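# Residue-level structural notes
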Amino acid sequence: MRGVRWRRIASQTGRSLTVWAVSTATMLALAALLPDFQLQSPDGDSATRIAVTAACGAGAFAVLSAVVWPLLVRLLLLVPALVLGLLVFFLNGSLLLLALHINPSGSPEAAPETAVIVAAVMSAVASATGAALAVRDDEAYRRRLHRLATRSRHAHPPCPSAPGLVCVQLDGVGHDVLVEAVRKGLMPTVGRWLSTGDGIQPTAGASRPAGHGTGDRMQSTGATIRSAPHGTLPARDGTLSADDCIQQTGDTTHPTVHRIHPTHRLTPWRTDWSSQTGASQLGILHGTTFDVPAFRWYEKDRGEVMVCNRPTSAAELQHRAILHTGDGGLLTVDGASRGNLFSGGAGEQALVLSIATRRRERANRSRAGYFAYFSDPANAVRTALSFTAEVAREIGQSTRARLRKQRPRVGRGGLYPLVRAFATVVERDVVVAAVMGDMLAGRTCVYADLVAYDEVAHHSGPRSRDAEKVLQRLDRSLALLERVAEHAPRPYRIVVLSDHGQSPGETFRSRYGLTLGDLVRAGCGLPVPRRAERTRSGAEARAAVRAALRRPVEERNELRRTAPRSEPVVLASGNLGLISFPDVPHRMTEEEIDARHPGLLTTLANHPGIGFLLVRSEEHDGLVLGAHGARIPLAALDDEPGPLDRFGPGTADAVRRTHSFPHTADIMVNSAYDPADGEVLAFEEQIGSHGGLGGAQSRPFLLFPRELSAPAADGGELTGAEHIHRVLRRWLSELDTPRVPLTPDPEEEQAA
């Protein structure tokens, strides 16, 4: 035992000396290349003295980075998170100048702007060198992962041996998009879990041989369990080469091929009418989507516009859900919520929007995830460089689309490149790091949301090349979590799911030259602006950026529209529109609307960009209105779907359920939908949209390990986020983890 300990110490010492030597060489090379960076005095020094100066400078910079940097980041948690990311280069450069100043050998000098460059390069090189040296050392790799944990494991009692559950939400990725990405080879990790094709993959996941590391836990993450060929060690990421998968039998023309068995199952599920993150995630985490008719809606009793990605609205929705279900949420017992709109009742929360308004309360740990990630200077530099590269990538891609006159296309200027980079780099890196820390701490249930694809698909299209690149990077994040599970103190089942899909199509404004608000004003006989104003996009990433900047998420244009109480309030949620009359305290009926604005409902129902309307009726309770005078009571939709027919099965049930909500708008408007190409017309400035009915937006996916039971009995369909919530709770019970009782399905209670 003592010999193993000394070998471990010697190995760590050797790695540290190697990193120091490489950093010294890097500093010497930079001094030779950069004119404003000198390691010798003006009179000149010997080569030996210059080398000693570089070694002392590199050592001092490393020590300061290890000791001072975490303290700086902790202090700078008071600074907005996005600003912290931009300060990374300045802080690193300042540490380098300090290291040069205290250098006992020689008189090194560097201009401030040069020090920033030198510090960034040295941090990146040191990080890459350390990772390369540790690639075949499990203990070193484990220690590296531990540095990302948000809390020390010593602060918690030993975790149970029962498997934990990690749920990763790929925001906006539809079922068909995922299947296509796997077939194209864009997501090899997911493809390996599913073992697509004929079941033979030349490069596939494998566990470590017995006695090597923690390969016995690989099955809990969905990786395939099988022994490697004799004398063959798998790669550090748990993969085997094509040669490794073939055992030579003496006849090289008939090699034995190891078949890869699937470890996960994939199934689609159907959202409610409101196919957006606010409703779906509230249902998944808190078990109810009741009274969430859209992404944004006007509440007459409060005189307020509710927006799902506004911190105050998210907090209110979470409070209502807890009151409605009488339960704290999916993550109440030893859970962690990362990057979500809602907490799910988790005790550990990071980047959770519903608590972003609690600035001074001890309970507000929403921004703690930033410290867990940026406390490592190498992580900070790497993320800052990736952020800059992503901004440049977006500018290049949008410029190319504009020069090629690509259609459909929306504006991608202004601050959008920064918003995209935040979603695809900063938010992804911080959330993944937080989940890694949760797994290493042995938490029972973790739910995390990665919004990168959703943000890019809104502006580039769901099946665009830009969106496919994001899917590739998300797959690498899943592979990283799979590797971390090998080192966790308990086995983990990794579940991947989405909250909705996205449907392509040009905007309503682009096709018809006016917004839904303009059309409503025309139908009411109100003046219409000569130039149609753009309807603001409400993507989740923008709310995350504003929360990180500590700026209130207020939709000023929408609030301003509520001022003239006699005019209608028109709100957009993807291809779903909501029209409310704020001066009428109750939900208006068809008869009342016709009496007040005789031409409004006819104008809307007969417009080619409108699919159908939902209104309340004194005679029929609820009515679906369509073109050419279609008027179908809700009770008759099963026999006579009318304009709902092209929207597919389940549409009538979704419309009837939304009609029952207390805060459903006076007029609910769903855009037209073309089943031939799956396109809808977004009322927002998005060419990939979600929020209403029509196409892929209502068909997300659920990817789960085969050890877990089937989500629906007898191959039944998964319908609604509330159903997903019950499935996840059942799986937690199957894993023998302590849970609050499963809330019974109301329909099952009635049947009993």
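## A few points about the overall build of the chain
Counting its regular elements, the chain contains 24 helices and 24 strands. A buried classification covers 56% of the 752 residues belonging to the chain. In the chain, 72% of the contacts between residues at least 6 apart in sequence involve partners at least 24 apart. Summed over all atoms, the accessible surface of the chain reaches about 31200 Å², with 55% contributed by carbon and sulfur.

## Considering the nonpolar core
Core analysis: the largest hydrophobic core is formed by 62 residues, its most contacted members being Trp273, Val655 and Leu702. Residue contacts for Trp273: discarding those within four places in its chain leaves Leu576, Phe612, Leu614, Ala654, Val655, Thr658, Met668, Asn670, Gly691, Gly692 and Leu693. Counting 54 residues, the second largest nonpolar core, distinct from the first, contains Val190, Phe387, Ala467 and Tyr492.

## A few points about the sheet that holds strand 9 (residues 335-338)
Pairing is mixed across the open sheet formed by 8 strands, whose spatial order is 10-9-11-3-12-23-6-24. Every interior strand has two partners, whereas the edge strands, strand 10 (348-350) and strand 24 (718-719), have only one. Sheet topology places strand 9 next to strand 10; 3 bridges connect them, and they run parallel. By the bridge assignment for strand 10, Arg338 is matched with Ala350.

## With respect to the environment of Met439
For Met439, the location among the structural elements is in helix 13 (residues 416-441). On the accessibility criterion, Met439 (0% relative accessible area) is buried. Spatially, the C-alpha atoms of Met439 and Pro489 are 7.9 Å apart, while their sequence positions differ by 50 residues. When near neighbours in sequence (up to four residues on either side) are disregarded, Met439 contacts Val166, Leu481, Val484, Ala485, Ala488, Pro489 and Tyr492.

## Quick notes on the confidence of the model for the chain
Low pLDDT marks regions whose predicted coordinates should not be analysed in detail. Averaged over all residues, the pLDDT of the chain equals 78, while 68% of them reach at least 70. Looking at the elements of the chain, mean pLDDT is at its lowest for strand 4 (residues 246-247), recorded as 33, and at its highest for strand 19 (residues 667-671), recorded as 98. In this model, residues 135-139 is a region of pLDDT below 50 whose contacts with residues beyond four sequence positions or in other chains number 12 contacts. Across residues 148-152, where pLDDT falls below 50, the model places 16 contacts with residues more than four positions away in sequence or in other chains.

## Side note on unusual backbone geometry
At Asp334, a position not held by glycine, the phi torsion is positive, near 55°. With respect to the helices and strands, Asp334 occurs in the loop between helix 10 (311-325) and strand 9. According to the relative accessible area criterion, Asp334 is partly exposed, its value standing at 35%. Located in the positive-phi region is Leu351, a residue other than glycine, with phi close to 60°. Its location among the elements puts Leu351 in the loop between strand 10 and helix 11 (368-374).

## Observations concerning the sheet that holds strand 14 (residues 569-573)
Strands in a sheet are paired, the pairing made by backbone hydrogen bonds, and the direction either parallel or antiparallel. Spatial strand order, 14-15-19-16-17-18: 6 strands in an open sheet with antiparallel pairing. At either margin of the open sheet sits one strand with a lone partner, and together these are strand 14 and strand 18 (631-633). Along the sheet, successive strands turn relative to each other by an average axial angle of 20°, direction set aside. Where strand 17 (residues 621-625) lies against strand 18, 3 bridges are found, and the strand directions are antiparallel. Counted as the bridge partner of Leu625 is Arg631 from strand 18. Lying on the sheet, helix 17 (residues 516-523) is in contact with strand 14, strand 15 (576-580), strand 16 (610-617) and strand 19; it crosses strand 14 at an angle near 150°. Strand contacts of helix 22 (residues 651-659): strand 16, strand 17 and strand 19, with the helix running at about 40° to strand 16, the strand carrying the most contacts.

## Structural notes on the pattern of salt bridges
Throughout the structure, instances matching the rule amount to 31 salt bridges. The salt bridge partner of Arg729 is Asp327, with a shortest N-O separation of 2.3 Å. Pair noted here: Arg729 is in helix 23 (residues 721-734) and Asp327 is in the loop between helix 10 and strand 9, with a separation of 402 residues, a long-range link. Exposure class is identical for Arg729 and Asp327. Each is buried. Glu590 is the partner of Arg631 in a salt bridge, and the nearest nitrogen-oxygen pair spans 2.9 Å. Residue Arg631 is found in strand 18, and its partner Glu590 is found in helix 20 (residues 590-596); the two are separated by 41 residues along the sequence. Judged by relative accessible area, Arg631 falls into the partly exposed class, the value being 41%. Take Glu590: its relative accessible area is 7%, and that puts it in the buried class. Ionic contacts of the salt-bridge type, sharing partners, join the residues Glu390, Arg393, Glu394, Arg412, Arg420, Asp466 and Arg473 into one network.

## Details of the state of the cysteines
Note on terminology: a disulfide is the covalent bond linking the sulfur atoms of two cysteines. Summed over all chains, the structure comprises 0 disulfides. Take Cys445: it sits in no disulfide, and the sulfur closest to it among the cysteines is that of Cys167, at 5.0 Å. By relative accessible area, which is 0% here, Cys445 ends up buried.

## Re the packing of aromatic side chains
Tallying each qualifying case throughout the model produces 7 aromatic pairs. On the numbers, 5.4 Å between centres and 35° between planes, the contact of Trp273 with Phe612 is tilted. Of this pair, Trp273 sits in the loop between strand 6 (264-270) and helix 9 (277-286) while Phe612 sits in strand 16, and the two are 339 residues apart along the sequence. By relative accessible area, which is 0% here, Trp273 ends up buried. Taken together, the aromatic side chains of Trp273, Phe612, Phe647 and Tyr673 make up a single cluster linked through ring pairs.

## Some points on the pairing of strand 8 (residues 304-307)
A regular strand places its side chains on the two faces of the sheet in alternate fashion. Looking at chain direction, strand 7 (residues 296-299) and strand 8 are connected through 4 bridges and run antiparallel. Across the sheet, the residue bridging to Tyr298 is Val305, located in strand 8. What sits between strand 7 and strand 8 in their antiparallel hairpin is a turn of 4 residues, with Gly303 showing a positive phi close to 60°.

## What about the packing of helix 14 (residues 452-460) against helix 15 (residues 465-485)?
In the contact formed by helix 14 and helix 15, the axes pass within 9 Å of each other and the chain directions differ by 175°. In this view, helix 14 runs roughly antiparallel relative to helix 15, as classed from their interaxial angle. Side by side, helix 14 and helix 15 meet where Ala452, Tyr453, Val456 and Ser460 of the first sit next to Asp466, Ala467, Val470, Leu471 and Leu474 of the second. In the contact of helix 14 with helix 15, the residues fall into 7 nonpolar, 1 polar and 1 charged.

Conventions used here
- Residues numbered from 1 in each chain as written.
- Predicted model: local features only at pLDDT ≥ 70, side-chain atom pairs only at ≥ 80, totals over all residues.
- Heavy atoms only, no water.
- Helix = DSSP H or I, 4+ residues; strand = E, 2+ residues; numbered from the N terminus.
- Buried < 20%, exposed > 50% of the residue type's maximum accessible area, 1.4 Å probe, protein only.
- Contact = heavy atoms within 4.5 Å.
- Areas by Shrake-Rupley, 256 points an atom, 1.4 Å probe, with all protein chains shown as cover.
- Core = buried A, V, L, I, M, F, W, Y, C linked by side-chain atoms within 4.5 Å.
- Pairing = 2+ DSSP bridges.
- pLDDT = per-residue confidence, 0-100.
- Axes fitted to C-alpha atoms, helices over the stretch in contact; angles between N-to-C directions.
- Salt bridge = Lys/Arg side-chain N within 4 Å of Asp/Glu carboxyl O.
- Disulfide = S-S within 2.5 Å.
- Phe/Tyr/Trp six-rings, centres within 6.5 Å; stacked < 30°, edge-to-face > 60°.
- Parallel < 35°, antiparallel > 145°, perpendicular 65-115°, else oblique.
- Nonpolar A, V, L, I, M, F, W, Y, C, P; charged D, E, K, R; others polar.

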